[in-house]
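Remarks on the overall topology
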Amino acid sequence: MPLDPNHALLPRRKFRSLERKVIAPLVVVFLIVSALTVAAMSMVYATHRSQRAADEARSLARSIVQLRMDQQNELSRYIAGIAKDVPVHLVVIVAGTPPKVVASTRDAWVGLPLSEIQEPGVVGNIKRVISTKKDVVVEYAAVGTREHITPYGVDGAALVLVDTVLVNRDMWYAAMQQGIVALAGIASFGIATTLLLRRRVTGRISALSSSVEQDATNIDGSAHRVGCFDDEITVLAENIEGSLARERSSFAELERLALVARKTTNAVVITDAKRRTLWVNDGFTRITGYTLDEVVGRVPGDVLQSTNTAKETVQRMRKALELGEGCRVELLNRAKDGREYWLDIEIQPLHDAAGVLTGFMAIESDITVAVRARESIAQSERQQKLIVVGANIGTWDWNVATGEVGFNERWCRMLGYAPGELEPTVRTWMRLVHPDDRARITGVLKAHFDGKTDFCRCEHRLRHKNGSFIWVHDAGKVYERDAQGKPLRMSGVHLDISERRLADERFESAVRGS
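What counts and how
- Residues numbered from 1 in each chain as written.
- Predicted model: local features only at pLDDT ≥ 70, side-chain atom pairs only at ≥ 80, totals over all residues.
- Heavy atoms only, no water.
- Helix = DSSP H or I, 4+ residues; strand = E, 2+ residues; numbered from the N terminus.
- Contact = heavy atoms within 4.5 Å.
- Areas by Shrake-Rupley, 256 points an atom, 1.4 Å probe, with all protein chains shown as cover.
- Phe/Tyr/Trp six-rings, centres within 6.5 Å; stacked < 30°, edge-to-face > 60°.
- Buried < 20%, exposed > 50% of the residue type's maximum accessible area, 1.4 Å probe, protein only.
- Pairing = 2+ DSSP bridges.
- Polar contact = N/O pair within 3.5 Å; in protein donor to acceptor, adjacent residues only side chain to side chain.
- Expected span 1.5 Å × (residues − 1).
- pLDDT = per-residue confidence, 0-100.
- Patch = residues over 30% accessible without salt bridge, like charges linked within 9 Å, V, L, I, M, F, W, Y side chains within 5 Å.
- Salt bridge = Lys/Arg side-chain N within 4 Å of Asp/Glu carboxyl O.

**As for the overall build of the protein chain**
When its secondary structure is counted, the protein chain shows 14 helices and 15 strands. Here the contacts in the protein chain between residues at least 6 apart in sequence split such that 45% fall between residues at least 24 apart. Of the roughly 30,900 Å² of accessible surface on the protein chain, a fraction of 57% belongs to carbon and sulfur atoms.

Quick look at the structure:
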């Protein structure tokens, strides 16, 4: 279908509106460019007008200097010609000793000594040039004149006084002529561009817009024909079709994400910026027992939290949400049927394209089983510690790969040391073992490392801090091996059996004595 601005399907009102949107800015740009051109012309004029007057005065003065002083008639004719030049206000040539006026645009001054001229400024500047042999330039801004005096001959000077107002007026006329030509060129270009845009671009874009509006319903993936132009309009149409395709793809992606949110076993909650529920998935209903209709418009915490919910955790979560930040917490909630359950909650803020906070999304995982197991393990560990402390047993944990050994407080106290006083390595333990027991202990350890025994049990002596030796019952087991079966970690206990060993020795002595 050809796209014509006058096509019946194209409302004239829409075409005029689009035309104003495209052409009006061009008119504004033209006016701005015109104003900038005038401003630039004024700046250029202001910058160069003073220099133009100076150049004019200097040029006249130097042309006079080129004339020979003994050619009086030629000098007078030249001065008379200069007098007819509109911008020149005064010319004076002085020479001789004492200096006198040899030529001037004022006939009454010719032949007078310089001292008789009734113009103090003129006389002073001429004397200054005669004495210094250097040019002097003076600008009388109040009266609009510029004076240039230059040495003339051996003992003379030539003065030229130019009317800067008249010089600047000539410059202004020239600048105006140039500006009018420039503005006329800009206006011609603007009019031609506007007409071209109106004929070739604005109308065709408007027609294309109507065509796209008519065919926009065809978003099922079928061909989307918008015209038959082999230019930028076709490219624009292809871009629009690509945009529609991307929108279809994004919509499909959102549908897939929504399906995932509905089918996931985790609870998903979406709220507005004030934390009021907008949507929940089936996972939320399965965990809490509440449906979307029961919680929509309500703050989730008001519905689910109980008196057993940790106040500190709730406060930390609220503080993060008030700042528009995400957070992750473990929280105890109460379901609709009254049972309590633990959740691992991760909350992330949602923003629109402008970065404004629009709400929050929470992903909630039921970790009740894990929390219960963790509490059971913690309880078991506390009971084991109580048993160890009550039985007065020293414990050790040996990283076989690195040689590091962790000793508990009772293990250290058993040998007279404070916790942290011994270096936690296997070298420390071997250094404390009685020399006569080391070979036997090494053999027992090797048999256990090779898997020949289930436990490593041995009675041996350890050196006390005071230098004496105590007897200990050492029992341990490797509980972690690598893929090749080599031991990685081993733990065990020490029990002080010094009194039992002493009783055994006394009994044996008594038996031998009888």
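Read on for the rest.
**Some points on the packing of aromatic side chains**
Going through the model one piece at a time under the given rule, you end up with two aromatic pairs. On the numbers, 5.9 Å between centres and 45 degrees between planes, the contact of Trp-398 with Phe-449 is tilted. You can see Trp-398 sitting in strand β11 (residues 394-399) and its partner Phe-449 sitting in helix α13 (residues 438-449), a full 51 residues away along the chain. Centre to centre, the rings of Phe-407 and Trp-411 are 4.0 Å apart; their planes meet at 20 degrees, and the pair counts as stacked. The pair Phe-407 / Trp-411 is uniform in exposure class, with both members buried.

**Here we look at the pairing of strand β1 (residues 88-95)**
Of all eight residues that make up β1, seven are buried, and the element is covered over most of its length. Relative to strand β5 (residues 156-163), β1 runs antiparallel, the two sharing six bridges. Bridge pairing in β5 places Leu-90 opposite Leu-161. Direction of pairing for β1 relative to strand β2 (residues 100-104): antiparallel, over a ladder of four bridges. Each bridged residue has a counterpart across the sheet, and for Val-92 the counterpart in β2 is Ser-104. The hairpin turn running from β1 into β2, its antiparallel successor, is four residues long, and Gly-96 in that turn takes a positive phi close to 95 degrees.

**Observations concerning the side chain of Glu-459**
Within the element layout of this structure, Glu-459 appears in strand β13 (residues 456-463). Reaching out from Glu-459, the side chain makes a polar contact with the side chain of Arg-500 at a distance of 2.9 Å. If we skip the residues at most four places from it in the chain, Glu-459 touches Arg-440, Trp-471, Val-472, His-473, Ile-497, Arg-500 and Arg-501.

**Considerations on helix α3 (residues 120-132)**
Between the first and last C-alpha of α3 there are 18 Å, a value that for 13 residues agrees with the 18 Å anticipated at 1.5 Å per step. By the burial criterion, the buried members of α3 are Val-122, Val-123, Asn-125, Ile-126, Val-129 and Ile-130. Its buried side turned inward, α3 meets β1, β3 (136-140), β4 (145-152) and β5. Lys-133 sits one or two residues past α3 and shows a positive phi near 60 degrees.

**A short note on the confidence of the model for the protein chain**
Taken over all residues, the pLDDT of the protein chain has a mean of 78, while the share at 70 or more is 70%. The low-confidence segment residues 1-15, where pLDDT is below 50, has 35 contacts with residues more than four positions distant or belonging to other chains. Note on residues 216-232: pLDDT is under 50 here. Beyond four places in sequence and across chains, it has 23 contacts.

**Observations regarding the side chain of Asp-272**
Inspection of the secondary structure puts Asp-272 in strand β6 (residues 267-272). In terms of polar contacts, Asp-272 uses its side chain to reach the backbone amide nitrogen of Lys-274, at 3.0 Å. Of note is the side chain of Asp-272, whose polar atom sits 2.8 Å from the backbone nitrogen of Arg-276. For Asp-272, the contacting residues outside a window of four places in its chain are Leu-278, Thr-358, Gly-359 and Phe-360.

**Describing a nonpolar patch on the surface**
There is a patch of nonpolar side chains on the surface, built from Val-28, Ile-32 and Leu-36 and spanning about 280 Å² of accessible area. Take Ile-32: it is sitting in helix α1 (residues 12-65).

**A few points about the pattern of salt bridges**
In this structure the tally under the stated criterion is 17 salt bridges. Here Lys-465 makes a salt bridge to Glu-421, at a shortest N to O gap of 2.7 Å. With Lys-465 in the loop between β13 and β14 (469-481) and Glu-421 in the loop between α11 (409-414) and α12 (426-432), the pair connects residues that are 44 residues apart, well separated along the chain. Classification of Lys-465 as partly exposed rests on a relative accessible area of 45%. Across the pair Arg-440 and Asp-437 runs a salt bridge whose closest N-O atoms are separated by 3.1 Å. Overlapping salt bridges bring together Glu-459, Arg-500, Arg-501 and Asp-504 as one network.

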